Amino acid sequence: MPLLYGALRLTLIYALTAGLWVFYSDGLLTALGLSIEQMQRWQLLKGLGFVLLTSLLLYLTLRAHLRLHSRMRNALTASEERLSLALDAAKDGLWDWNLQTLKVFFSPGYTRLLGLEPGDLGDSRDSWLHHLHPDDHAHCQQSIVQLLHAACQAPYENTYRLRHRDGSYRWIQARGRLLLDAQGRPQRLIGTASDITQRRADEDSRRQAAAVFDATQEGVLVTDAAQRIVHINPAFSRITGYSEAEILGQQPSLLKSGRHDPAFYAALWQTLQSLGAWSGEVWNRRKNGEIYPQWQCIRAIHDEQGGVSHYVAVFSDISALKRSQHELDYLAHHDPLSDLPNRLLFTERVAHALQRAQREQHGGAVLLIDLDHFKHINESLGHNVGDLLLKAVGERLSAQLTTGMTLARLGGDEFGVLCEDCLHAQLAAEFAQQLLDTLNTPFRLDGHELFIAASIGISLFPGDAQSVEQVLRNVDSALFKAKSNGREGFAFYAQELTEYARQRVELVGALRHALEGNELRVHYQPLLCLQSQRLIGVEALVRWQHPQRGLVPPGEFIPIAEESGLIGAIDAWVMAHACRQMVAWQAAGSAIQFVAVNVSSRLFSHGKLDGQVAQVLAESGLDPACLELEVTESAVMQDPDAAQGLLERLRDLGIRLSIDDFGTGYSSLARLKRLPVHKLKLDQSFVRGLPHDHDDATITRAVIALGHNLGLKVLAEGIEQPQQMEFLRQLGCDQGQGYYLGRPQPAEQLPTAFELPQPLKIPLTERVTQQQD
Ligand code: C2E
Ligand code: MG
Ligand code: MG
């Protein structure tokens, strides 16, 4: 427009000047008073001059115009080139929509965006609309309408999808401007278009990542390469209790719990550096000081040069998980009704105990307890009562457990007990009996008084079985055996054990009863001075007056009493009894100078014997010199140092000590020399062959010589024949004991003034017959 005005103004100036010149030049010439001829000449010159001048002006104007035009064209070309280069570099396209002609220009760059050749889009908007995504038609149309309606030169911006030649849709961002004509009417819409598909995808994923970062339940922590915290997410604050302001710029070591040693962190960094990532369980500390477990994944982030730029740690608080894991584990391994371990846990424990038993070579036992006729309770009183009973049974059985035992409810009315330390069958049997006994008391439940009995199967391991399955199979068949034996009892997997153990258990029970029910008796066997053949003392020997079996010898029940621990009570009872009897004999003026009492090695090894003896002496009022204690050689030699001390304390009480069954154990002669004992009792096994057996004679001779050399008296046990006595007497043996000299008998049958009536003059056969009791 300004160009047009300029041209018009110039033309008008020219026209005015030329018109004035034409108008006034002739008048000027006339005013000069020139002749017609001169006038004609000057007229011609004026005309030529005018033409020349205007031609010159025209030339100059045209030249200036052409130069300007050329400069402008060059500038335009350069600018177009620059624009095109810039658009090309930016991979953008240009579009120009002439709103008057409705023609659209699409630059080659534009068509390239869609994988098309230049010109493929034509010059109409229709082909463009043909490529537009159907979903974008409406909003594209709307934005154009709004723009045209506003009819202002505001920038235009729109995003839509165009179909690429490969069939995919590309996100295009169009930016442009509406050009208006002089009247303000929309004339052109021109702008650029760029493919923002990738950018949009990137933005999408960035937005998604940001949303994930903010919304995730996992705590996220980003540090720079120097391990300063540069970024955290809301979950981090929620888990740790630290706000962004408190933690940014800090080191992650602020969160350390102190539960891990430096080696743990060294290994973590080593993995992180070599593999670029580490994951594992870490115990950290919250702001409030609470220590909690995390599952943490740490990754190193590298920059373009390959150096570490950041570390990202993503972690979750697994304390709840651990808790629920623990709860789940508990549920999986326990019976909900009784709260006892279930079959799964029981089997695991048996497997573990079996391995231990095999490794450490010691024994264990599994007991399978099945309630007899439990079904009837369920059927008659209902399942609620049945459940209550099972619970109560579980509680009662639990009360019997000691360390190293597991009670489990294996299902229904079946319970299992694992005894990890069960050294022999006897213990398992006693424990089974204990469990059966505990169930004997009736249960009072829900207004009912219930009697329930059980059968128990026992399997020992590793003896009976080498695998868990085998142990459980064995115990099952042992239970079957117990049930078929008539219930209310126990059975071992191995038949002979069942019999043996049952007898033993019965015997222990009966023996306990015997002790309480006064069924024990003390018989006294004379001890003679072999030289004078006079009675000098007696040995107290216990017997059991069994109501059915009659008089039971100690050999049948002492070992069981020792195993079951009853021996202490028995020995104490015998000792008290013997001391009182000795006091009575003394009071009656008997020739008996002392009473010898046997002490079990069990009691001896407890080391408290001296206290017990002192108490018995005090209670009975017996002179300590009238009491002799017999301890076996093996009891002394088991722990010679302890024995030495105990024997010394006993000797200090003023009592006499003898070593029983001498020759059957292994004595250290050096030790023997120092023991504060008074007598050796030569075991009857050496006397039996006398006088003819050469070995027995040699041993007897040696023991007598040894005893005498050590300053001890020697007593020979088991003298059954006069020849034996004579032989021993000739060897210098001090004392004797045996059926020939007198059998063990009740105190009242023992003559107060005992004297062997000329023993050697009585024929042997006659003598033996006389001595039988
Ligand atoms: P011991 O202390 O060596 O007692 C001697 C045993 O030999 C007694 O057996 C006695 O009856 C037996 N005997 C005595 N003379 C002869 C004989 O000429 N021939 C044969 N064959 N045997 C003879 P008993 O009474 O059966 O006692 C056996 C063992 O039981 C005792 O051996 C002793 O170790 C133990 N014992 C007995 N009473 C008690 C007691 O009250 N407490 C403890 N702890 N053990 C006892
Ligand atoms: Mg004895
Ligand atoms: Mg003996």
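Source: prediction; values computed, not measured. (Residues numbered from 1 in each chain as written. Chains lettered and ligands numbered in written order. Predicted model: local features only at pLDDT ≥ 70, side-chain atom pairs only at ≥ 80, totals over all residues. Heavy atoms only, no water.)

**A few points about the sheet that holds strand E3 (residues 155–163)**
- Strands sit in the order E2-E1-E5-E4-E3 across an open sheet of five strands; the sheet is antiparallel. In the strand order of this sheet, the two ends are held by strand E2 (104–106) and E3, each with one partner. Strand after strand, the sheet turns through a mean of 20° between neighbouring axes, direction not considered.
- Strand contacts of helix H2 (residues 36–89): strand E1 (92–98) and strand E5 (186–195), with the helix running at about 125° to E1, the strand carrying the most contacts.
- Packing against the sheet, helix H5 (residues 137–150) makes contact with E1, E3, strand E4 (169–180) and E5, and its axis sits at approximately 160° to E3. (Pairing = 2+ DSSP bridges. Helix = DSSP H or I, 4+ residues; strand = E, 2+ residues; numbered from the N terminus. Axes fitted to C-alpha atoms, helices over the stretch in contact; angles between N-to-C directions. Contact = heavy atoms within 4.5 Å.)

**Description of the nonpolar core**
- Ranked by internal contacts, the top residues of the largest apolar core, which has 79 residues, are Tyr524, Phe604, Leu627 and Leu629.
- Looking at this core, the element that brings in the most residues is helix H18 (residues 567–587), giving 10 residues.
- The next biggest cluster of nonpolar side chains, apart from the first, holds 37 residues, and it includes Ile369, Ala432, Leu450 and Phe490. (Core = buried A, V, L, I, M, F, W, Y, C linked by side-chain atoms within 4.5 Å. Buried < 20%, exposed > 50% of the residue type's maximum accessible area, 1.4 Å probe, protein only.)

**Considering the UniProt feature "transmembrane region" (unreviewed entry) in the chain**
- Look at the UniProt record and you will see "transmembrane region" (unreviewed entry) annotated at residues 7–24 and 44–62.
- Annotation note: span residues 7–24, helix share 100%, strand share 0%, distance between end C-alpha atoms 25 Å.
- The distance separating the terminal C-alpha atoms of residues 44–62 is 26 Å; by composition the span is 100% helix and 0% strand. (UniProt positions renumbered as here; feature names shortened; annotations may be inferred.)

**Details of the site of ligand 1**
- Around ligand 1 sit 23 residues in total, of which Asp571, Asn598, Asp660, Glu720 and Tyr739 are the nearest.
- Here Asp661 contributes a side-chain N or O atom positioned 3.1 Å from an oxygen atom of ligand 1.
- At 2.8 Å from an oxygen atom of ligand 1 is found a main-chain nitrogen or oxygen belonging to Tyr739.
- A total of 780 Å² of accessible area belongs to ligand 1 in isolation, and the protein chains cover 83% of it.
- If you tally residues by element for the shell around ligand 1, the top one is strand E19 (residues 534–546), at four residues.
- A class-by-class count of the residues in the shell around ligand 1 yields nine nonpolar, six polar and eight charged. (Near = heavy atom within 4 Å. Polar contact = N/O pair within 3.5 Å; in protein donor to acceptor, adjacent residues only side chain to side chain. Areas by Shrake-Rupley, 256 points an atom, 1.4 Å probe, with all protein chains shown as cover. Nonpolar A, V, L, I, M, F, W, Y, C, P; charged D, E, K, R; others polar.)

**Let's talk about the coordination of the magnesium ion (ligand 2)**
- Within the first shell, the magnesium ion (ligand 2) binds the protein through Glu539 (OE), Asn598 (OD1), Glu630 (OE) and Asp660 (OD), at distances of 2.0 to 2.2 Å.
- Considered as a linear motif, the donors of the magnesium ion (ligand 2) on their single chain read E-x58-N-x31-E-x29-D.
- A distance of 4.1 Å spans the gap from the magnesium ion (ligand 2) to the magnesium ion (ligand 3), which Asp660 bridges by coordinating each metal. Of the two residues, Glu539 is situated in strand E19 and Asn598 in strand E21 (residues 594–598); the sequence distance between them amounts to 59 residues. (Donors = N, O, S within 2.8 Å, 3.2 Å for Na, K, Ca; no water.)

**A closer look at the coordination of the magnesium ion (ligand 3)**
- Taken together, Asp660 (OD), Asp661 (OD), Glu717 (OE) and Glu717 (OE) make up the protein donors of the magnesium ion (ligand 3), found 2.0 to 2.7 Å from the metal.
- Asp660 sits in the buried class, given a relative accessible area of 6%.

**Section: the packing of aromatic side chains**
- Counted by the stated rule, this structure contains 12 aromatic pairs.
- Residues Phe490 and Phe492 carry aromatic rings whose centres are separated by 6.3 Å and whose planes lie at 85° to one another, so their mutual orientation is edge-to-face.
- According to the relative accessible area criterion, Phe492 is buried, its value standing at 0%.
- With a centroid separation of 5.0 Å and 75° between ring planes, the pair formed by Tyr524 and Trp585 is classed as edge-to-face. (Phe/Tyr/Trp six-rings, centres within 6.5 Å; stacked < 30°, edge-to-face > 60°.)

**Topic: the domain arrangement of the chain**
- For the chain, the assigned domains read domain 1 (1–68), domain 2 (91–201), domain 3 (218–323), domain 4 (357–493) and domain 5 (519–736).
- Averaged C-alpha coordinates put domain 1 and domain 5 at centres separated by 171 Å. (Domains from an automatic or database assignment.)

**A look at the sheet that holds strand E16 (residues 453–461)**
- One open sheet holds the five strands; their spatial order is E12-E13-E11-E16-E17, and the pairing between them is mixed. Here the strands that pair on one side only, and so sit at the sheet edges, are strand E12 (405–411) and strand E17 (490–492). With strand direction ignored, the average angle separating the axes of adjacent strands in the sheet is 20°.
- As paired elements, E12 and strand E13 (residues 414–419) share six bridges and run antiparallel to each other. Opposite Leu407, over in E13, you have Val417 as the bridge partner.

**Remarks on the pattern of salt bridges**
- Applying the stated rule across the entire model yields 32 salt bridges.
- Among the salt bridges present, the one from Arg170 reaches Asp195, with a minimum N-O distance of 3.7 Å. Taken together, the residues span a long stretch of sequence, with Arg170 in strand E4 and Asp195 in strand E5 at a distance of 25 residues.
- The class of Arg170 is partly exposed, set by a relative accessible area of 22%.
- Residue Asp195 is classed as partly exposed on the basis of its relative accessible area of 30%.
- Across the salt bridge formed by Asp204 and Arg207, the nearest N and O atoms sit 2.5 Å from each other. Taken as a pair, Asp204 and Arg207 lie in helix H6 (residues 197–215) at a separation of three residues, close to a single helical turn.
- We classify Arg207 as exposed; its relative accessible area is 53%.
- Here the salt bridges do not stand alone but share partners, grouping Arg356, Arg359, Glu360, Glu420 and Asp421 into one network. (Salt bridge = Lys/Arg side-chain N within 4 Å of Asp/Glu carboxyl O.)

**Observations regarding the side chain of Gln737**
- With respect to the helices and strands, the residue Gln737 is situated in the loop between strand E26 (735–736) and strand E27 (745–746).
- Within the local environment of Gln737, its side chain forms a polar contact with the side chain of Lys681, the two groups lying 3.0 Å apart.
- Among all residues touching Gln737, those that are not within four sequence positions of it are Gln525, Pro526, Leu527, Glu539, Lys681, Leu715, Ala716, Glu717, Gly718 and Ile719.

**Focus on the packing of helix H25 (residues 694–709) against helix H26 (residues 722–731)**
- Taken N-terminus to C-terminus, the directions of H25 and H26 make an angle of 40°; their axes are 10 Å apart at the nearest point. Taken as axis vectors, H25 and H26 run oblique relative to one another. For the element pair H25 and H26, the recorded crossing hand is right-handed. Seen from H25, the contacting residues are Ala697, Thr700, Arg701 and Ile704; seen from H26, they are Phe727, Leu728 and Leu731.
- The residue makeup of the contact of H25 with H26, split by class, is five nonpolar, one polar and one charged. (Parallel < 35°, antiparallel > 145°, perpendicular 65-115°, else oblique. Left-handed = near helix turned anticlockwise from the far one by under 90°.)

**Quick word on the packing of helix H20 (residues 609–620) against helix H22 (residues 640–652)**
- As a packed pair, H20 and H22 sit with axes 9 Å apart at the nearest point and diverge in direction by 15°. The orientation of H20 relative to H22 falls into the category roughly parallel. Of the two elements, H20 crosses H22, and the hand of that crossing is right-handed. Contacts from Leu609, Asp610 and Val613 of H20 reach H22 at Leu646, Arg649 and Leu650.
- Residue composition of the contact of H20 with H22, grouped by class: four nonpolar, no polar and two charged.

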